[in-house]
Amino acid sequence: MRKALFYFPLAFLLFACSSSRSTMKRAEAYFFKHDYTEALPLYQKLARKKGTDDAKLRAATCYIHLHEPDKVVFWYSQVELFDKADPWHHFQYGKALFQCGRYDEAKVWFERYGQEVPHDKSSRKQVYAIEHLEEFHKDSLHFEIRKLDINSRDRDFAPAYFKEGIVFVSNRDWNPTSDRRSLETNERFFDLYFSKTSENGSQIDVNTFADELNGKFHEGPVCFNNEENRIIFTRSEKEPKLYTAKLIGNKWTNIRPMRLNFRAKSMGHPAVSADFKTLVFVADVTGMGQGGADLYISHFKNGRWSTPENLGTEINSPGQEMFPFIHTDGSLYFASDGKGGLGGLDIFYCEWKDGEFATPKPLSYPINTHRDDFGLVLSHDGRTGYLSSDREGGQGLDDIYGVIFTEPNKTIVQGRIMTMDGHGNSFPVRHTKVVAIDNYSKDTMLTKVTDNLGDFTMRLESGRMYSLACTEQGFLPLVKNLDLNSEDRYHHAELVLQKPLPTGVPFQTIVKDKDSGLPVKMAKVSFRDSTEKEIVLYTDDQGIITTQLKPNMPYDIRVGKTKYINNYYRIETEQATTTTQRPIQELSLERISAQKILLAKKGVWQSGNSELNADVYELLDKVAIFAKNHPGVKLQVNVYTDSRGNSFFNMRNSQTIARRALEFLQHEGVSRRVIQARGFGEEALLNHCGNGIDCSEEEHLVNNRIEITIIDYNSKAVQVEQANYDWLFFSPDAPFLPLISR
């Protein structure tokens with residue numbers, strides 16, 4: 001089928017001269033114009049003669065473009081010297097056999113291609129898929145696929161939710177007086193259609209959608225914003241491009257190409273987030289990407305779309321990635337024929353996590369089959385949706401199917417809640433409630449009660465992050481993170497409840513965002529006493545934790561959360577009492593942001609002196625500690641001088657200080673890749689003390705300074721650090737917070 005609307009030139013063999021040179025020349029002319037329907041009969045005519053393997057390979061290639069795998073298999077099987085063909089053909093033969101369900105034969109050719117082109121991992125993924133076919137069928141009972149009455153005998157695909165129905169793409173014979181056809185496939189051009197959804201969930205009343213959007217050539221696929229008054233769609237004239245329009249009344253207006261600072265041969269298949277600020281689309285960029293059609297992402301900032309970025313090798317492959325869809329929970333769904341699967345295009349999904357898409361995972365049968373499956377869209381609750389497929393039993397060349405998730409993909413969580421006595425013995429906590437909270441929505445997903453052994457069992461949706469919370473009377477409250485992103489469908493969780501100290505000091509605190517003043521949920525607060533014993537708690541939905549601490553004991557407190565700068569406090573508790581009522585105390589967290597000055601110190605050297613003094617070393621010690629605690633952050637050391645002396649000398653002097661600072665940080669174990677140092681001389685004075693201005697020593701010294709600035713940060717690396725940090729403080733100057741005074 002010709003779904004993608006992208007026409008990618010393929011590598012070809014050199015053809016020997018023959019008496020049929022004229023026929024071959026005509027066939028080649030059609031082929032390179034992508035007019036495969038005209039080229040095919042010419043190649044087939046040539047293929048009847050002996051020694052015309054080149055024409056047979058070309059016929060097979062035409063059928064690859066026309067998405068007819070059974071005919072691809074036929075023509076490849078006719079090539080007498082197929083062993084000597086280009087490895088690309090060996091791989092395509094394996095794919096066609098795979099799509100026809102001939103898995104053992106396909107495996108032979110994938111393995112051969114892997115030996116011929118060892119740097120290409122595509123064949124290994126295909127072999128893995130063949131060897132693990134049962135894994136793609138294990139969740140088959142969780143999905144119900146139903147046929148729709150709106151399909152035609154032609155191609156119907158790429159549905160998108162709109163108003164009370166769906167908009168989809170079709171080249172059905174809607175208007176007998178118009179027979180506009182594509183040269184590549186000899187099929188009618190694609191237009192947009194709308195079908196209303198009835199009360200019982202079936203699709204009815206198919207009509208053309210928005211005549212002002214349907215032009216002379218291909219239109220679609222499309223996507224809409226959450227308010228459904230903005231559309232982004234593919235329009236193909238010479239090459240596919242992205243267009244946008246606004247809905248005013250009942251008409252789409254201001255129809256124009258999207259302004260993307262992006263040079264691509266072709267762009268299409270848009271998917272936009274619910275807030276209309278993240279766009280994922282398909283593009284073919286010469287000399288860029290992973291091969292074939294790749295997925296790119298752009299963000300709407302400051303009134304314009306950012307320069308698109310390739311989504312990288314985790315998502316893109318040497319094959320084709322297309323038909324993306326962004327769900328309201330941020331997850332990305334797309335189709336690929338280069339990442340393994342059941343054959344042809346398969347549908348993959350990846351969760352949006354900490355500012356990026358996680359590793360893609362294939363959906364199971366019957367969502368994916370050995371034919372082309374693509375264009376999946378889901379409802380807001382994720383329970384129903386639609387997909388496109390050319391699977392057997394359909395009404396046309398491509399059909400739209402309804403999808404019902406009878407049971408989402410679940411992970412079984414087997415947990416136990418225990419408590420410990422003073423001698424290290426464990427005991428079950430019976431008949432206590434444990435609550436599973438979705439970390440994304442903050443909704444309570446499930447509540448269970450432990451049995452006589454303290455055990456409980458939950459079935460939670462896979463691919464998500466949860467918190468298990470227990471607030472049993474007589475114990476300190478406990479929250480434990482639960483990560484169900486692994487492929488393991490069984491997870492063990494053990495919660496150990498702590499009893500309050502008999503002579504403990506009550507302690508309650510709230511963690512707030514330093515800039516907004518709002519409470520920070522699920523912040524990690526760690527207490528370490530002078531005996532090195534550590535207590536770790538997580539703030540609740542109001543940013544609050546309540547606990548008890550040992551009396552007459554100093555505590556170091558560390559507060560952290562992904563995307564925030566770790567903060568440190570020190571307290572010392574007083575004598576325990578049950579009558580003292582203490583107000584809730586506040587701790588703060590500051591978000592990591594680029595171009596933010598992290599640390600600064602003024603007056604740290606005399607004019608003309610490039611030696612690092614104790615104040616600078618103290619500051620750099622803190623920088624080294626921060627860099628180790630936040631490996632995802634990139635920093636820049638900026639050095640400035642006052643205006644006294646020669647400006648050239650001041651510039652060179654500041655650069656010398658910057659170089660020495662960088663050398664010190666490298667000696668302290670900070671990677672050169674994450675920190676830069678630069679001297680600015682007297683370019684950025686903080687006061688009026690420029691050349692020729694009479695100023696005091698104190699006024700000049702203000703300009704002799706060092707600043708540490710955050711220039712970039714990777715949220716994924718910060719998240720890893722938050723889960724596995726060492727205790728590193730800004731001692732001896734850690735902030736002192738008199739929460740509990742003597």
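Everything here concerns the structure above.
Residues numbered from 1 in each chain as written. Predicted model: local features only at pLDDT ≥ 70, side-chain atom pairs only at ≥ 80, totals over all residues. Heavy atoms only, no water.

Q: Give a description of the overall build of the protein that names residues and reports values.
A: Helices and strands together make up the secondary structure of the protein, namely eleven helices and 43 strands. Relative to its full complement of 742 residues, the protein shows a buried share of 52%. Of all intrachain contacts in the protein linking residues separated by at least 6 positions in sequence, the fraction that spans at least 24 positions is 59%. Total accessible area computed for the protein in this model is approximately 35,400 Å², and 49% of it derives from carbon and sulfur atoms. (Helix = DSSP H or I, 4+ residues; strand = E, 2+ residues; numbered from the N terminus. Buried < 20%, exposed > 50% of the residue type's maximum accessible area, 1.4 Å probe, protein only. Contact = heavy atoms within 4.5 Å. Areas by Shrake-Rupley, 256 points an atom, 1.4 Å probe, with all protein chains shown as cover.)

Q: Tell me about helix α3 (residues 53-65), and please be specific about residues and values.
A: Here α3 is 13 residues long and its end C-alpha atoms lie 19 Å apart, about the 18 Å a rise of 1.5 Å per residue gives. The buried count for α3 comes to 13 of 13 residues, which makes it a mostly enclosed element. Following α3 by one or two positions, His 67 adopts a phi angle in the positive range, close to 55°. (Expected span 1.5 Å × (residues − 1).)

Q: Can you explain the environment of Arg 391? Please cite residues and give values.
A: Tracing the sequence through the fold places Arg 391 in the loop between β22 (384-389) and β23 (399-405). For the pair Arg 391 and His 370, spaced 21 residues apart in sequence, the C-alpha to C-alpha distance is 7.8 Å. At a separation of 2.9 Å, a polar atom in the side chain of Arg 391 contacts the side chain of Asp 373. At a separation of 2.9 Å, a polar atom in the side chain of Arg 391 contacts the side chain of Ser 389. (Polar contact = N/O pair within 3.5 Å; in protein donor to acceptor, adjacent residues only side chain to side chain.)

Q: Describe the sheet that holds strand β17 (residues 346-350), and please don't skip the residues or the numbers.
A: Read from one edge to the other, the open sheet built from four strands follows the order β15-β16-β17-β20, with strand pairing classed as antiparallel. On the outer flanks of this sheet lie β15 (321-326) and β20 (361-362), each paired with one strand and no other. Of the strand pairs in this sheet, β15 and strand β16 (residues 332-336) are connected by four bridges, and their pairing is antiparallel. Across the sheet, Met 322 pairs through a bridge with Ala 335, a residue of β16. (Pairing = 2+ DSSP bridges.)

Q: Could you give an account of the nonpolar core, naming the residues involved and the relevant values?
A: One finds Tyr 43, Cys 62, Tyr 76, Phe 82, Tyr 93, Phe 98 and Phe 110 to be the most contacted residues of the largest nonpolar core, which totals 40 residues. Contributions of two or more residues to this core are made by α1 (21-32), α2 (36-47), α3, α4 (69-77), α5 (87-99), α6 (103-116) and α7 (122-131). Here Phe 110 is in contact with Phe 91, Gly 94, Lys 95, Phe 98, Ser 123, Gln 126, Val 127 and Ile 130, once residues within four sequence places are set aside. (Core = buried A, V, L, I, M, F, W, Y, C linked by side-chain atoms within 4.5 Å.)

Q: Requested: an account of the side chain of Asp 438, with residues and values cited.
A: Along the chain, Asp 438 turns up in strand β26 (residues 433-438). Among the polar contacts made by the side chain of Asp 438, one reaches the side chain of Arg 464 at a distance of 3.4 Å. If sequence neighbours within four positions are ignored, Asp 438 has contacts with Asp 443, Met 445, Arg 464, Met 465 and Tyr 466.

Q: Describe the packing of aromatic side chains, with residues and values.
A: Aromatic rings considered in pairs are described by the distance between their centres and by the relative angle of their planes. Throughout the structure, instances matching the rule amount to 37 aromatic pairs. Measuring from ring centre to ring centre gives 5.5 Å for Tyr 93 and Trp 109, while their planes differ by 55°; the resulting arrangement is tilted. You can see Tyr 93 sitting in helix α5 and its partner Trp 109 sitting in helix α6, a full 16 residues away along the chain. The residues Tyr 93 and Trp 109 share a single accessibility class, namely buried. Geometrically, the ring pair formed by Phe 281 and Tyr 296 is stacked, given 6.2 Å between the ring centres and 25° between the ring planes. On the criterion of sequence distance, the pair formed by Phe 281 in strand β11 (residues 278-284) and Tyr 296 in strand β12 (residues 294-301) is long-range, its members being 15 residues apart. Across this residue pair, the class does not change: Phe 281 and Tyr 296 are buried. Taken together through their ring pairs, the aromatic side chains of Phe 91, Phe 98, Tyr 103, Phe 110 and Tyr 113 make up a single cluster. In this arrangement the basic side chain of Arg 172 is found over the ring face of Tyr 193, its NZ or CZ atom lying 5.4 Å from the centre. One cation-aromatic arrangement involves Arg 705 over Tyr 640; the distance from NZ or CZ to the ring centre is 4.0 Å. (Phe/Tyr/Trp six-rings, centres within 6.5 Å; stacked < 30°, edge-to-face > 60°. Lys NZ or Arg CZ within 6 Å of the ring centre and 35° of its normal.)

Q: Could you give me a rundown of the sheet that holds strand β30 (residues 478-483), with the residues and numbers involved?
A: Reading across from one edge, β27-β26-β29-β30 is the order of the four strands in this open sheet, with antiparallel pairing throughout. One side of each edge strand has no neighbouring strand; the edge strands of this open sheet are β27 (444-449) and β30. Neighbour to neighbour, the strand axes of the sheet diverge by 20° on average, direction disregarded. (Axes fitted to C-alpha atoms, helices over the stretch in contact; angles between N-to-C directions.)

Q: Quick one: what's the story with the state of the cysteines, residue by residue and with numbers?
A: Considering all chains together, one arrives at one disulfide under this definition. For Cys 689, the disulfide goes to Cys 695, at an S-S distance of 2.2 Å. The sign of the -105° torsion about the S-S bond sets the Cys 689-Cys 695 disulfide as left-handed. Classification of Cys 689 as buried rests on a relative accessible area of 0%. Looking at Cys 695, the relative accessible area reads 13%, which means it is buried. (Disulfide = S-S within 2.5 Å.)

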